[in-house]
Amino acid sequence: MTPGRRTIRYGSLDEVMPDVERLLEGHTTVGAWSLAQICRHLATVARRVVDLPASTPSDPSQWVGEDQKRQVLESGVIPEGLPGPPEIMPVDTLGEGEEAEGLRQAIAHYRASAGPVIPHRLFGPLTKAEWDKLQLVHLAHHLSFAVPTSPQ
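All of these numbers come straight from a predicted model, not from anything done at the bench. (Residues numbered from 1 in each chain as written. Predicted model: local features only at pLDDT ≥ 70, side-chain atom pairs only at ≥ 80, totals over all residues. Heavy atoms only, no water.)

For the pair helix α2 (residues 35-51) and helix α4 (residues 96-112), the least separation of the axes is 8 Å and the interaxial angle reads 20°. In terms of their interaxial angle, α2 and α4 are classed as roughly parallel. Along this stretch, α2 crosses α4, giving a crossing that reads as left-handed. For the pair formed by α2 and α4, the contact residues are L35, A36, C39, R40, L42, A43, A46, R47, V49, V50 and D51 on the first element and E96, E99, A100, G102, L103, Q105, A106, H109 and Y110 on the second. The residue makeup of the contact of α2 with α4, split by class, is 12 nonpolar, 3 polar and 5 charged. (Axes fitted to C-alpha atoms, helices over the stretch in contact; angles between N-to-C directions. Helix = DSSP H or I, 4+ residues; strand = E, 2+ residues; numbered from the N terminus. Parallel < 35°, antiparallel > 145°, perpendicular 65-115°, else oblique. Left-handed = near helix turned anticlockwise from the far one by under 90°. Contact = heavy atoms within 4.5 Å. Nonpolar A, V, L, I, M, F, W, Y, C, P; charged D, E, K, R; others polar.)

Its location among the elements puts D92 in the loop between α3 (66-75) and α4. For D92, a relative accessible area of 59% corresponds to the exposed category. A sequence separation of 52 residues divides D92 from R40, and the C-alpha atoms of the two residues are 8.9 Å apart. (Buried < 20%, exposed > 50% of the residue type's maximum accessible area, 1.4 Å probe, protein only.)

Structure below.
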């Protein structure tokens, strides 16, 4: 684990934006991305997984086994350094406040959806409950690289 990362676990999507708002008050990042890039990536993924149609091609040869899927969902830990598709990697970003607002809107969009209908690129077909859990794990994974400078 990258030194200095926070250990966080969100119990619900309601916990995410208060954490981001606290980060906006002052933070440091210990990874390669800025808070704006983290928020942009998380917003892109949250929207993408519910907006892609069921007919979106997937590659089952890339799927990991049930044990690895269960490990991630139960532990709440995604291994660091997994490469993502270029289309979900942040390139250009706005300011932190604008990207945080984009994340807020993307979470609302995700919540308002019926849920993803595509298989996950690594875990394959997931139930709505598994997708919800994976979103929380993914959010916590990336936001753990941003550390608030103000006490709680």
